[in-house]
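Reading the structure
Okay, here's what each chain looks like letter by letter:
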Amino acid sequence: MSFINTITQIFYRLLQRLHTSGIAALLAILLVGFSSVCVANDAPAIAAAANIQFAVDEIVIRFQQKTGLAVRVSYGSSGNFVTQIQHGAPFEMMLSADESYIDKLYQAGYTQDSGVIYAIGRLALAAPKKSPLILDANLVGLRQLIDDGKLSRFAIANPDHAPYGERAREVLKTKGLWDMLQPTLILGENAAQATQFTISGSTQGGIVPLSLVLTPAFAKRGNYVVIPDSLYQPLNQQMALMPNASETTERFYQYMQSAEAQEVLTQFGFNLPQPTVKKGA
């Protein structure tokens, strides 16, 4: 990552932590100016949900090999990206973890159209290899661990701004475990951080994106089981272009819908929309 990109991300992290709208707006304006001067010749900036990082990293490599073009992807929670874009962050495209966040931007005029669903996310119950949590799709082992008083820390993404956290909460409520888990919940800022907490050894487990546990790095440290899709509302991951999108970004947007990109998405556990249809153009 270049010095310019590093400074840009530091500004955004500071922006996320400010609650005073006037200061936040001022920082956003300063950042836009900083970016326009210093990053004019850099690759276009794309915001992407943390749960899709490994898949998109691979897709970006293939895109660059095929086209010779580069894009710069920042990963985080969809809700935080919405706030950043509303305050002037110079992203040219957003890959959300849920359609509601793109719809929110579209209704406010921050996107070219309502975008397309590029993937359907899935959840996993995961735990470190030495965890006492017995993994099963219906969370019977989790309930038993709670009943035995042996669960002290359990991780999910923050449901206030992370779609995977919202769905994890939905699963836990469906199984009657949400209230029981309140004293033990550890909230990740985004899905990636929740996954880190889950396999860090400081928790007994967590509910995280399937896409983040299908990696060799996770396999060395943890185990998982896929949670049935019937236990939560579909995670329709939607993407859209911003009005300032460059030709490079538009080409990447189209490439995300290609057979090559979809192959990568399925390798990382995503389901694909059938058919993939552009909405509200």
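The structure we're discussing is the one just above.
Before going into details, it helps to say that this report is about the structure given with it. (Residues numbered from 1 in each chain as written. Predicted model: local features only at pLDDT ≥ 70, side-chain atom pairs only at ≥ 80, totals over all residues. Heavy atoms only, no water.)

Digging into the overall build of the protein
Helix and strand counts for the protein come out as 12 helices and 10 strands. Relative to its 281 residues, the protein shows a buried fraction of 52%. Once local pairs closer than 6 in sequence are excluded, the contacts in the protein between residues at least 24 apart make up 78%. Accessible surface computed for the protein: about 12500 Å², of which carbon and sulfur atoms make up 53%. (Helix = DSSP H or I, 4+ residues; strand = E, 2+ residues; numbered from the N terminus. Buried < 20%, exposed > 50% of the residue type's maximum accessible area, 1.4 Å probe, protein only. Contact = heavy atoms within 4.5 Å. Areas by Shrake-Rupley, 256 points an atom, 1.4 Å probe, with all protein chains shown as cover.)

Re helix α12 (residues 259-267)
Every buried residue of α12 is listed here: Ala261, Gln262, Val264 and Leu265. Along the long axis of α12, the arc covered by the buried residues comes to 155°, so they all point the same way. Structurally, α12 contributes buried residues whose contacts are with α3 (53-67), β4 (116-121) and α11 (247-255). Two residues or fewer past α12, Gly269 is found with a positive phi of approximately 90°. (Arc of directions from axis to C-beta.)

Notes on the packing of α3 against α12
Closest axis-to-axis distance for the α3/α12 pair is 9 Å, and the angle between their directions is 155°. Taken together, the axes of α3 and α12 are roughly antiparallel relative to one another. In this structure, the crossing between α3 and α12 has a hand that is right-handed. Taking contact as the criterion, the partners of Ala55, Glu58, Ile59, Arg62 and Lys66 in α3 are, on α12, Glu260, Ala261, Glu263, Val264, Leu265 and Gln267. Partitioned by chemical class, the residues of the contact of α3 with α12 number 5 nonpolar, 1 polar and 5 charged. (Axes fitted to C-alpha atoms, helices over the stretch in contact; angles between N-to-C directions. Parallel < 35°, antiparallel > 145°, perpendicular 65-115°, else oblique. Left-handed = near helix turned anticlockwise from the far one by under 90°. Nonpolar A, V, L, I, M, F, W, Y, C, P; charged D, E, K, R; others polar.)

Some points on the sheet that holds strand β5 (residues 123-128)
As summarised here, the arrangement of the 5 strands in space is β7-β6-β8-β5-β9, forming an open sheet in which the pairing is mixed. With partners counted over all chains shown, the strands left at the sheet margins are β7 (185-188) and β9 (222-226), one partner each. The sheet shows a mean angle of 30° between the axes of neighbouring strands, taken without regard to direction. Against the sheet, helix α9 (residues 191-199) touches β5, β6 (154-157), β7, β8 (205-209) and β9, its axis set at about 150° to β8. (Pairing = 2+ DSSP bridges.)

Quick word on the sheet that holds strand β1 (residues 45-49)
One open sheet holds the 5 strands; their spatial order is β2-β1-β3-β10-β4, and the pairing between them is mixed. Two strands close off the open sheet at either side, each with one partner strand: β2 (72-76) and β4. Taken pair by pair, the neighbouring strands of this sheet meet at an average axis angle of 20°, ignoring direction. With 3 bridges connecting them, strand β3 (residues 93-95) and strand β10 (residues 235-241) associate as antiparallel partners. For Leu95, the partnering residue across the bridge sits in β10 and is Met239.

Notes on the environment of Lys104
By secondary structure assignment, the location of Lys104 is in helix α5 (residues 99-107). Taking C-alpha positions, Lys104 is 8.2 Å from Val82, a pair spaced 22 residues apart along the chain. Apart from the residues lying within four places of it in its own chain, the contact partners of Lys104 are Val82 and Gln86.

Quick notes on the packing of helix α4 (residues 78-86) against α5
Close contact between α4 and α5 brings their axes to 9 Å; oriented N to C, the two are set at 15°. When the interaxial angle is binned, α4 and α5 end up roughly parallel. As α4 runs across α5, the sense of the crossing is right-handed. Of the residues in α5, those in contact with Ser78, Gly79, Val82, Ile85 and Gln86 of α4 are Tyr101, Lys104 and Leu105.

Focus on the environment of Ser78
Among the structural elements, Ser78 can be located in helix α4. Residue Ser78 is classed as buried on the basis of its relative accessible area, which comes to 1%. In this view, Ser78 contacts Ala49, Met94, Ser96, Ala97, Tyr101, His161 and Pro163; residues no more than four positions away in its chain are not counted. Of the polar contacts made by the side chain of Ser78, one reaches the side chain of Ser96; its length is 3.4 Å. (Polar contact = N/O pair within 3.5 Å; in protein donor to acceptor, adjacent residues only side chain to side chain.)

Things to note about the nonpolar core
One finds Leu95, Leu142, Phe154, Ile207 and Phe252 to be the most contacted residues of the largest nonpolar core, which totals 58 residues. Counting residues per element, this core draws most heavily on α3, at 5 residues. Aside from chain neighbours lying at most four places away, what touches Phe154 is Leu125, Leu142, Leu172, Leu181, Thr184, Leu185, Ile186, Gly205, Gly206 and Ile207. Residues Phe81, Val82, Ala89 and Ile102 belong to the second largest nonpolar core, which totals 13 residues. (Core = buried A, V, L, I, M, F, W, Y, C linked by side-chain atoms within 4.5 Å.)

Take it as geometry only, folks, not as evidence of what the structure does.
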